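Here is how the chains run, residue by residue.
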Amino acid sequence: MVAIDGPSGAGKSTVARRLATALGFGFLDTGAMYRAVTWHFLALGCAPAECAAEPDQGRARMAQALAAMRLELRDGRLLVDGRDVTAHLRTREVESQVSAVSALPFVRAAMRDLQREVARQGPVVAEGRDMGSVVFPRASWKVYLDAAPSERARRRCQDFAGQGRSVSEAVVLEEILVRDRLDSTRSDAPLRRAADAHYVDSTGLTTDAVVAQLLAIVRSGGPPSHPAGGPAAAPTVGGPS
Ligand code: DC
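Residues numbered from 1 in each chain as written. Predicted model: local features only at pLDDT ≥ 70, side-chain atom pairs only at ≥ 80, totals over all residues. Heavy atoms only, no water.

It is worth spelling out the packing of aromatic side chains at this point. Throughout the structure, instances matching the rule amount to one aromatic pair. Both rings, one in Y144 and one in Y199, keep their centres 6.1 Å apart while their planes meet at 10°; by these two values the pair is stacked. Of the two residues, Y144 sits in strand 7 (residues 141-146) while Y199 sits in strand 8 (residues 198-201), which places them 55 residues apart along the sequence. Residue class for Y199 comes out partly exposed when judged on its relative accessible area of 39%. Sitting over the ring of F160, R92 keeps its end group 6.0 Å from the ring centre. Its guanidinium or amino end placed over the ring of F160, R156 lies 4.9 Å from that ring's centre, counting from NZ or CZ. (Phe/Tyr/Trp six-rings, centres within 6.5 Å; stacked < 30°, edge-to-face > 60°. Helix = DSSP H or I, 4+ residues; strand = E, 2+ residues; numbered from the N terminus. Buried < 20%, exposed > 50% of the residue type's maximum accessible area, 1.4 Å probe, protein only. Lys NZ or Arg CZ within 6 Å of the ring centre and 35° of its normal.)

Structure, rendered in structure tokens:
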């Protein structure tokens, strides 16, 4: 188990995917899981902003929707009730709500179970916010991948441009700073660097250079001395599998 945490736009997904390929490990993008749940809540009209006027009722609807939802990870794709939603996960609508959704303890508990179940099936590179600190505290290697906020905003703008959307860097930077604050101040599993995580700053570095640093960390760390942490859990969230 390699656990990679860090803020939005630090390049975790690209680097983690490449590292997983180089090591022959599976790849677990846990942000995509929170995004898929957010997409589902938006599709049902019960995302946090849509329920702001009646938060208790909104939470009950979200809990119900989550319990009935079947989330599957298949070959790097995210399926909600059998529908492949991967292409819908990086929109600004999802981004505007995902921090609020991922702060909900019942959502985190369900995602944690699913993430541990995936890790029980074989070695993985898992990336997110609480991989090394909460979900896999006994991971063999832990990395906290960071980058300057301005560079993270520039990378996100490039992602949006790839989707054919032009968004100002200043607006994206503002959104990133809001998301950083929400992700690092929530009470359940906030974004933070695990005490035993290697700190890597990707500002100004190419993807190749960052992957090389992480490979050096893994290869210098010796063989895993203990299995990744976490009890057994259900293979899918909610609904019949
Ligand atoms: O890494 P990302 O930008 O795809 O993550 C989307 C959101 O999900 C982000 O706002 C924080 C949240 N997240 C989380 O709370 N815990 C994780 N392990 C992964 C992501």
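Once the structure has been displayed, the description carries forward.
This part is about the layout of surface pockets. Taken as a whole, the second largest pocket spans an internal volume of roughly 190 Å³. Taken together, 14 residues make up the lining of the second largest pocket; nearest its centre are E95, S96, E175, I176 and R179. Looking at the lining of the second largest pocket, the elements that each hand over two or more residues are helix 4 (92-102), helix 7 (149-162) and helix 8 (169-185). With six residues, helix 8 is the single largest residue contributor to the lining of the second largest pocket. Residues of the lining of the second largest pocket, tallied by class, amount to six nonpolar, three polar and five charged. (1 Å grid on protein atoms, 1.4 Å probe; cavity = no way out; pocket = protein on both sides within 12 Å on 5 of 7 lines; lining within 4 Å. Points joined across faces, edges and corners; volume = space filled by probe spheres on them. Nonpolar A, V, L, I, M, F, W, Y, C, P; charged D, E, K, R; others polar.)

For the rest of this paragraph, the subject is the site of the ligand. Taken together, 16 residues lie around the ligand, and R35, R108, R129, D130 and R186 are the ones closest in. Within the contact set of the ligand, an oxygen atom lies 2.7 Å away from a side-chain nitrogen or oxygen of R35. With respect to the ligand, the side chain of S102 contributes an N or O atom lying 3.5 Å from an oxygen atom. Within the residue set of the shell around the ligand, elements represented by two or more residues are helix 2 (30-44), helix 4 and helix 8. Counting residues per element, the shell around the ligand draws most heavily on helix 2, which supplies four residues. (Near = heavy atom within 4 Å. Polar contact = N/O pair within 3.5 Å; in protein donor to acceptor, adjacent residues only side chain to side chain.)

In short, shape yes, function no, at least from these values alone.
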